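Residue-level structural notes
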Amino acid sequence: MKEHIGIFGLGLIGGTLARRLIAAGYPVTGTDPQPARLAELDALGGTGTPSEQVWQSDVILSAVFDTDQLEGLVAQAPVGRGGAIVSFSTCDPDRMPGIAGQARAKGWHLIEAPLSGSSKQLDAGEAVFFVAGDLEEASRLDPILQALGRAHFYVGPVGNGNRAKLAVNLILGLNRAALAEGLVFAKSMGLDPVAFLELVQNTAAQSQVMAVKGPMMAARRFEAQGRISQSAKDFRLIREIARTSGQHLPFAETYAAMMVDCLHNSEGDLDNAAVILAIARSSAGG
């Protein structure tokens, strides 16, 4: 029999994790503050339930929003139950060893597995995971991670998973911004964005970001696969860590300002492709 999986957080990522695991034959129990998400899990063939029952699972997956919520989750973990708590969230890498220590004091192993890919890519089995923590415990998760994505890489001790994720997210965010600026520039010169997108995908400028986010930008339709609010949170972390190490990241500063502009315009729940709206609002003198 396959291990029983418990999931905390059934939003874009947690709900997609549940869907893939159920499709792979894993029994899944999950919880979320929003009751509608519990009903959605039930409809998938899982069980939406209060958190006490989720803790009875063989493996715990965390898809909460940020580091504070992950630390709060570990604080709720029952003492002596034991097993793995696998964090898929983008968190502060410098805080992760301390949270792992809190988990260990209760008999749990905290394993990092933040992912690269949107919820749509995760749903298609195209996500990549950056795994960190106790190597023996992490290795036991191989079948689960194989059911969830196309690849996973062990990157060392706790903290390194999120360090890798933040560096990848920096590159992805800047790719999105470059694409958005190119589309805005093309439109400002009178080119049709949809036709230009098809053209540019057949040039040396093409990228996976272009294929995933380009159609959303060209059509100005932003159903969330990865939200502006999440990207803004990640870039706050990136900038804080860079400042601590004395590293200047000029492009990251510009991108972060775009995220703030989107948040100020009530666009936090839109897909991060909506960075194009911040660029389109800017003026030559701004």
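Fair warning: this is a prediction, and the values are worked out from it, not measured in the lab. Sequence positions are assigned chain by chain, starting from 1 and proceeding in written order. The model is predicted, so local features are restricted to residues of pLDDT at least 70 and side-chain atom pairs to those at 80 or more, both for listing and for counting; the totals for chains, interfaces and linings are taken over all residues. The side-chain figures draw on all heavy atoms in the structure; neither hydrogens nor water molecules are used.

Secondary structure elements are defined from DSSP: runs of H or I of at least 4 residues count as helices, runs of E of at least 2 residues count as strands, and each element is numbered from the N terminus. With respect to the element layout, glutamate 112 can be found in strand 6 (residues 108-112). Arginine 163 provides the closest opposite charge to the buried, unpaired glutamate 112, separated from it by 6.5 Å. Here a polar contact means two N or O atoms within 3.5 Å. Within protein one must be a hydrogen donor candidate and the other an acceptor candidate, and residues neighboring in sequence count only if both atoms are side-chain atoms. Polar contacts involving the side chain of glutamate 112 include one to the main-chain amide nitrogen of glycine 161, which spans 3.2 Å. Three labels apply to residues, based on accessible area from a 1.4 Å probe with only protein chains included: buried if under 20% of the type maximum, exposed if over 50%, partly exposed otherwise in between. In summary, the charge assignment counts Lys and Arg as positive and Asp and Glu as negative, without counting His or the chain termini. For this document, the term salt bridge refers to a Lys or Arg side-chain nitrogen within 4 Å of an Asp or Glu carboxyl oxygen.

Moving on, we get to the sheet that holds strand 1 (residues 5-8). Two strands pair if DSSP finds at least two bridges between them. Strand order in the open sheet made by the 6 strands is 3-2-1-4-5-6, with parallel pairing throughout. The open sheet terminates on both sides in strands that have one partner only, identified here as strand 3 (47-48) and strand 6. Relative to strand 6, strand 5 (residues 83-87) is paired through 5 bridges, and the arrangement is parallel. Within strand 6, the residue paired with alanine 84 across the bridge is histidine 109.

Further remarks concern the nonpolar core. For the purposes of this section, nonpolar cores are sets of buried Ala, Val, Leu, Ile, Met, Phe, Trp, Tyr and Cys residues that join through side-chain atoms within 4.5 Å. Met217 and Ile276 are the most contacted members of the largest nonpolar core, which totals 33 residues. Within the residue set of this core, elements represented by two or more residues are helix 9 (160-188), helix 10 (193-200), helix 11 (208-219), helix 12 (228-245), helix 13 (250-264) and helix 14 (275-281). Of the residues forming this core, the biggest block, 7 residues, is contributed by helix 9. Should any heavy atoms of two residues lie within 4.5 Å, those residues are considered in contact. Setting aside anything within four residues of it in sequence, one finds methionine 217 in contact with Arg176, Leu179, Ala180, Leu183, Phe222, Ala273, Val275 and Ile276. Listed in part, the 30 residues of the second largest apolar core include Leu38, Leu61, Ala113 and Phe129.

Two aromatic rings from Phe, Tyr or Trp, using only the six-membered ring of Trp, form a pair when their centres are within 6.5 Å; if the ring planes differ by under 30 degrees the pair is stacked, by over 60 it is edge-to-face, and anything between is tilted. Scanning the model with the defined rule gives 4 aromatic pairs in all. Judged by centre distance (5.4 Å) and plane angle (65 degrees), the rings of tryptophan 55 and tryptophan 108 are edge-to-face. You can see tryptophan 55 sitting in the loop between helix 3 (51-54) and strand 4 (59-62) and its partner tryptophan 108 sitting in strand 6, a full 53 residues away along the chain. Classification of tryptophan 55 by relative accessible area gives buried; the value is 4%.

With that out of the way, let us pick up empty space enclosed by the protein. Every definition here rests on a 1 Å grid over the protein atoms only: cavities are sets of points where a 1.4 Å probe fits but cannot get out, pockets are open sets enclosed by protein on both sides within 12 Å along at least five of seven lines, and lining residues have some atom within 4 Å of a point. Grid points are joined across faces, edges and corners, and a volume is the space filled by probe spheres set on the points. Scanning the entire structure with this criterion turns up 1 cavity of 30 Å³ or more. Space inside the largest cavity adds up to approximately 30 Å³. Taken together, Val59, Leu61, Val86, Phe88, Leu141, Ile144 and Leu145 make up the full set of residues lining the largest cavity. Contributing elements (two or more residues each) for the lining of the largest cavity: strand 4 and helix 8 (142-148). For this classification, the nonpolar set comprises Ala, Val, Leu, Ile, Met, Phe, Trp, Tyr, Cys and Pro, the charged set comprises Asp, Glu, Lys and Arg, and every other residue, Gly included, is treated as polar. Residue composition of the lining of the largest cavity, grouped by class: 7 nonpolar, no polar and no charged.

This paragraph deals with the pattern of salt bridges. Oppositely charged side chains can form a pair if their charged atoms are brought close together. As enumerated under the stated definition, the model contains 13 salt bridges in all. The partner of arginine 37 in a salt bridge is aspartate 32, and the shortest N-O contact between them spans 3.3 Å. Using a relative accessible area of 10% as the deciding quantity, one classes aspartate 32 as buried. Across the salt bridge formed by arginine 150 and glutamate 126, the nearest N and O atoms sit 3.4 Å from each other. On the criterion of sequence distance, the pair formed by arginine 150 in the loop between helix 8 and strand 9 (151-154) and glutamate 126 in the loop between helix 6 (119-123) and strand 8 (128-131) is long-range, its members being 24 residues apart. When its relative accessible area of 41% is taken as the criterion, glutamate 126 is described as partly exposed. Several salt bridges converge on common partners, so that one network encompasses Asp68, Glu71 and Arg95.

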